[in-house]
Amino acid sequence: MDQLEVLLDAMTLEEKVGQLNMVASFRAVTGPGALQEVDDLIRAGHIGSLLNIWGREEVARVQRLAVDESRLGIPLLLCHDIIHGHRVIFPTPLAEACAFNPVLWQKTAQAAAQEASEEGVALTFAPMLDIARDARWGRMVEGPGEDTWLARQIGVAKTRGFQGEDLSFATSLAATAKHFGAYGAVTAGREYASADVSERTLLEIYLPPFAAAIAAGVAAIMPAFNDIAGQPMTANRYLLKDILRQRLGFEGVVISDFNAVGELLNHGVAHDLLEAAVLAFNAGVDIDMTSNAFIEGLPIAVDRGLVSLNDIDNSVRRVLRLKERLGLFKDPYRRGSSVSYNAQKGKDQRRALAREAAQRAIVLLTNKDQLLPLAPDLICLAMIGPFVDDVGAMLGSWASAGHEEQTVSFFEGVRKAAPNCHLDLVIGVDGLSQDVSGIELALAACRKAEVILLCLGETAEMSGEAASRADIGLPGAQRALAEAVFALGKPVVVVLTSGRPLAAPWLFERATAVLATWQLGSEAGHALADILFGVINPTGRLPISWPRAVGQTPIFYNQRATGRPTQIGVHYSSCYIDTLASPQFPFGHGLSYSAFSLLDFACLTPLVKHNDNVEVSVRVRNDGARPGEATLFFFIHDLVASLARPVLELKGVKKVFVGQGAEEQLSFVLAVEDLAFVGPELDLTLEAGRFEIYVGQSADPVGLLKDSFDLVL
Ligand code: NOJ
């Protein structure tokens, strides 16, 4: 008999349920429900996994309790939110999505896994793959943005990066794709609220990123906190069993969110913890994170015949199998005992990677009069605003064990890059308050400067979990500061720090240049300076449509065709009467210091059949004054189908380096199978007919080149 079956046979029901019980260590808690007396419970075999734990000594200590002092010696699964780095912090996931670069995404996950595993962590609650189309929702910062194709690439790259070639390697972490369902669709962007999403939209928009992570071998899935049309995800048997297990073929472990089983009482679908445990478990949750519901409820539920022992065994098998895959039975201490811990070389490499990731995350939104890059011989710069020297804001949410004192602020980065330039730093106003008394001092510094760097945005706490905003503009008195600075009539570069796009049309109109820097992590200041002074030519592209006004949200480029398409100036068309329907900046937008033209776009396969490929070619010319990397987006539009199809659907992205004045010929290949959509019967359907295919440097319809092909079946 297989070793795990022998072990399973030897376990009491209480020990089995213990494997399904995850408890928070005392380092950090993200909600109510932390248990006391953790050590004794580990010894008793009542805890199978811990979260919020890292650090070689602490990890070895708790692991010894399980291995040496519990009856069966089953090692603990030690988990932590390694979202965008552990010690060295990379840009937040939304920022990193701007890189459109799977190799980079994989490398940063791998680097984070190396650091976290060196401190004993074996499982991370990442990647977060929630499609987010509504910038009010604070957790947009933790995810891939608005597009399903993009989120699929991120899901694969992150899973591979965290999990490595083999989960048993001491440097690998088990990954958790989260939050299964449609968390990003919460009503009005309000955190933890209900979502009401059709099954078609779920299957077509929200779930494919999870399917991609599953295909890449992701070890765990976390259902979302929210309900979909009344069915809390933690108790959503249909989505967790029929869809996740059967349709998507997931065989790994399902881990509830923090206290989510207990919160079924608040949802009003369970009377007590026992009923909550039964609902969640029978729906398909294997591990209860911190509710205490499984450990208390499941033995009683088995006794009363509400839960089958066979199902318990299957869940325990999945958990033990994961521990086995992680190599924990062979060597429970393999993570946390590596000699390479904190070796300077590895650290330097990770910082270099963090700098590259941050450079690639920065999006040049506007650049009037080609103000950027700044000349290296500037004599006097003023750095103004609440984020000039705010390292906490650079780290952003879920910054694990990242240290503020090891984070390079914007000020520090610019000072190092321009040592001979006189630099004045004045905060002017803080990030949040209405106090305008510091503005005069800021203006005095600005008057002396040749160029003003105005660092505005959101504090770290204004995005992330439980940080929804009804107003997505610049908070506090920052607008007053900005208006006063603009009124001086000097060149102003606005450096925007935020976890979401900020709706501020007035700012984009008046600033000379604007850089979206999101939350760039440990190397923020260096990366900003690299872009400002042109050491690096910007390559970041928006993974979201940037709204003009909060009233446009949810906003996304791949909207379905309507009966009355948007036409500016046409009254009975899909428009607003008080603002444009188009975003401030389209999905994919991002300027470069080069200028690219796309030429001679042609579809080389005018007629395609099943199993064929669609092939297009295009020429990219760099008309700018310096070499640079162009980003090309390939979209399709299914012209006539049995259902209204999106006006544009992203099918691929290519990046190409083009020398100054040079040209590159590019081709792009799309499998006919990728033209399928979730049809009238909710299955993947290919329909014959004409498709348009486009290439552009963003989803802005104005810049797209078009050709077409016919699919014959
Ligand atoms: C709650 C969050 O929703 C989830 O993303 C996170 O992994 C858990 N807390 C654990 O910290």
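Everything numeric here is computed off the predicted structure, so don't read it as measured data.

Peer 1: Describe the overall build of the chain, and please don't skip the residues or the numbers.
Peer 2: Counting its secondary structure elements, the chain contains 21 helices and 26 strands. At 26 Å, the chain has a C-alpha radius of gyration in line with the 27 Å of a compact globule built from 713 residues. Across its three principal directions, the C-alpha atoms of the chain cover 75 × 65 × 45 Å. Here the chain, with 713 residues, has 62% of them falling under the buried criterion. Here the analysis covers contacts within the chain between residues at least 6 apart in sequence; of these, 77% occur between residues at least 24 apart. When the accessible surface of the chain is split by element, carbon and sulfur atoms take 51% of a total near 26000 Å². A gap of 3 Å separates the mean positions of the 61 positive and 84 negative side-chain charges of the chain.

Peer 1: Quick one: what's the story with the side chain of Ser291, residue by residue and with numbers?
Peer 2: Mapped onto the fold, Ser291 is located in the loop between strand 10 (288-289) and helix 13 (293-303). Beyond its immediate stretch of four places on either side in the chain, Ser291 contacts Asn259, Ala260, Val261, Gly262 and Leu273.

Peer 1: How would you explain the domain arrangement of the chain if you had to name every residue and give the values?
Peer 2: In terms of domain boundaries, the chain breaks down into domain 1 (3-325), domain 2 (357-552) and domain 3 (596-712). With centres defined by C-alpha atoms, the gap from domain 1 to domain 2 works out at 35 Å. Listed by partner, the interface residues are 44 residues for domain 1 and 37 residues for domain 2. Both faces considered, domain 1 and domain 2 share a buried interface measuring about 3000 Å² in area, 60% of it formed by carbon and sulfur atoms. Sorting the residues of domain 1 by area buried against domain 2 places Ile89, Cys98 and Arg136 first, and these three jointly supply 19% of that buried surface. Where domain 1 packs against domain 2, one counts one salt bridge.

Peer 1: Account for the site of the ligand, naming residues and giving values.
Peer 2: Around the ligand sit 14 residues in total, of which Asp81, Arg139, Lys178, His179 and Asp257 are the nearest. Contact distances for the ligand include 2.6 Å between an oxygen atom and a side-chain N or O atom of Arg139. Lys178 has a polar side-chain atom sitting 2.7 Å from an oxygen atom of the ligand. Within the complex, 100% of the 300 Å² of free accessible area of the ligand lies under protein. When grouped by side-chain class, the residues that make up the shell around the ligand number seven nonpolar, two polar and five charged.

Peer 1: Describe in detail the packing of helix 1 (residues 3-10) against helix 14 (residues 309-325), supporting the description with residues and values.
Peer 2: The interhelical angle for the contact between helix 1 and helix 14, taken along N-to-C directions, is 130°, at an axis separation of 10 Å. Between helix 1 and helix 14, the interaxial angle falls into the category oblique. Here the hand of the crossing between helix 1 and helix 14 comes out right-handed. Of the residues in helix 14, those in contact with Leu4, Glu5, Leu7 and Leu8 of helix 1 are Asp313, Val316, Arg317, Leu320, Arg321 and Glu324. Considered class by class, the residues forming the contact of helix 1 with helix 14 number five nonpolar, no polar and five charged.

Peer 1: Requested: an account of the sheet that holds strand 22 (residues 663-671), with residues and values cited.
Peer 2: Taken in spatial order, the three strands make up an open sheet running 17-19-22, and their pairing is antiparallel. The two strands at the open ends of the sheet, each matched to only one other strand, are strand 17 (596-603) and strand 22. Averaged over all pairs of adjacent strands, the angle between their axes in this sheet comes to 25°, without regard to strand direction. By the bridge criterion, nine bridges tie strand 19 (residues 613-622) to strand 22 in an arrangement that is antiparallel.

Peer 1: Can you tell me about the side chain of Arg136, naming the residues and giving the values?
Peer 2: As for its position among the elements, Arg136 is in the loop between strand 4 (123-124) and helix 7 (148-163). Accessibility expressed as a relative area gives 16% for Arg136, which makes it buried. Residues in contact with Arg136, not counting those within four places in the same chain, are Ala188, Gly189, Ala467, Ser468, Arg469, Ile472, Arg500, Val550, Thr553 and Pro554.

Peer 1: If you had to explain the pairing of strand 3 (residues 77-80) to someone new, which residues and values would you point to?
Peer 2: Within a regular beta strand, the side chains point alternately toward one face of the sheet and then the other, so they alternate between its two faces. Residues Leu77 and Cys79 of strand 3 are buried on one face, and the alternating residues Leu78 and His80, pointing to the opposite face, are buried as well. Judged from the three bridges that link them, strand 2 (residues 49-51) and strand 3 form a sheet pairing that is parallel. Within strand 3, the position partnered with Ser49 by the bridge is Leu77. The parallel pair strand 2 and strand 3 is bridged by helix 4 (residues 56-69), and the resulting crossover is right-handed. As paired elements, strand 3 and strand 4 share two bridges and run parallel to each other.

Peer 1: Any chance you could break down the pattern of salt bridges for me, citing the residues and the numbers?
Peer 2: Taken as a whole and assessed by the stated rule, the structure comprises 36 salt bridges. Here Lys16 ties to Asp313 by a salt bridge, and the two come within 2.8 Å at their closest N and O atoms. Of this pair, Lys16 sits in helix 2 (residues 13-19) while Asp313 sits in helix 14, placing them 297 residues apart in sequence. Taking the shortest distance from any N to any O, the salt bridge between Arg360 and Glu629 comes out at 3.3 Å. Separated by 269 residues along the polypeptide, Arg360 in helix 15 (residues 344-361) and Glu629 in strand 20 (residues 628-638) bring together distant segments of the chain. By relative accessible area, which is 17% here, Arg360 ends up buried.

Peer 1: Break down the packing of helix 8 (residues 199-206) against helix 10 (residues 237-247) for me, citing the residues and quoting the values.
Peer 2: A pair of packed helices is captured by two measures, namely the crossing angle of their axes and the spacing between those axes. Where helix 8 contacts helix 10, the two axes come as close as 14 Å, and the packing angle between them is 45°. Regarding the angle of helix 8 to helix 10, the classification is oblique. Crossing of helix 8 against helix 10: the hand is right-handed. Contacts between helix 8 and helix 10 involve Glu199, Leu202 and Leu203 from the former and Tyr238, Leu239, Ile243 and Arg247 from the latter. Its residues assigned to classes, the contact of helix 8 with helix 10 shows five nonpolar, no polar and two charged.

Peer 1: Go over the environment of Glu275, please, and point to the residues and values.
Peer 2: Note that Glu275 resides in helix 12 (residues 273-283). A residue is classified by how much of its surface remains accessible, and Glu275, at 29% relative accessible area, is partly exposed. Note: C-alpha distance between Glu275 and Ile472 (197 residues apart in sequence) is 40 Å. If we ignore the near neighbours within four places in the chain, the residues touching Glu275 are Val269 and Ala270.

Peer 1: Any details on unusual backbone geometry? Residues and values, ideally.
Peer 2: Across the chain, the bulk of peptide bonds are trans and the bulk of non-glycine residues have phi less than zero. In this chain, Lys178 is followed by His179 through a cis amide linkage whose omega measures -5°. In this model, Thr553 is joined to Pro554 through a cis peptide bond whose omega is -5°. Relative to the assigned elements, Pro554 resides in the loop between helix 21 (524-532) and strand 17. Here the phi dihedral of Ala188 falls at roughly 55°; this positive angle occurs in a residue that is not glycine. With respect to the helices, strands and loops of the structure, Ala188 is situated in the loop between strand 5 (176-180) and helix 8. Of note, Thr290 is a non-glycine position whose phi angle comes to about 70°, a positive value. Note that Thr290 resides in the loop between strand 10 and helix 13. Its relative accessible area of 3% is what places Thr290 among the buried residues.

Definitions and limits used
Residues numbered from 1 in each chain as written. Predicted model: local features only at pLDDT ≥ 70, side-chain atom pairs only at ≥ 80, totals over all residues. Heavy atoms only, no water. Helix = DSSP H or I, 4+ residues; strand = E, 2+ residues; numbered from the N terminus. Rg over C-alpha atoms; globule rule 2.2 N^0.38 Å. Buried < 20%, exposed > 50% of the residue type's maximum accessible area, 1.4 Å probe, protein only. Contact = heavy atoms within 4.5 Å. Areas by Shrake-Rupley, 256 points an atom, 1.4 Å probe, with all protein chains shown as cover. Lys, Arg positive; Asp, Glu negative; His and termini not counted. Charge placed at Lys NZ, Arg CZ, Asp CG, Glu CD. Domains from an automatic or database assignment. Buried area = accessible area lost by both parts, 1.4 Å probe. Salt bridge = Lys/Arg side-chain N within 4 Å of Asp/Glu carboxyl O. Near = heavy atom within 4 Å. Polar contact = N/O pair within 3.5 Å; in protein donor to acceptor, adjacent residues only side chain to side chain. Nonpolar A, V, L, I, M, F, W, Y, C, P; charged D, E, K, R; others polar. Axes fitted to C-alpha atoms, helices over the stretch in contact; angles between N-to-C directions. Parallel < 35°, antiparallel > 145°, perpendicular 65-115°, else oblique. Left-handed = near helix turned anticlockwise from the far one by under 90°. Pairing = 2+ DSSP bridges. Right-handed = clockwise from strand over helix to strand, strands pointing away.

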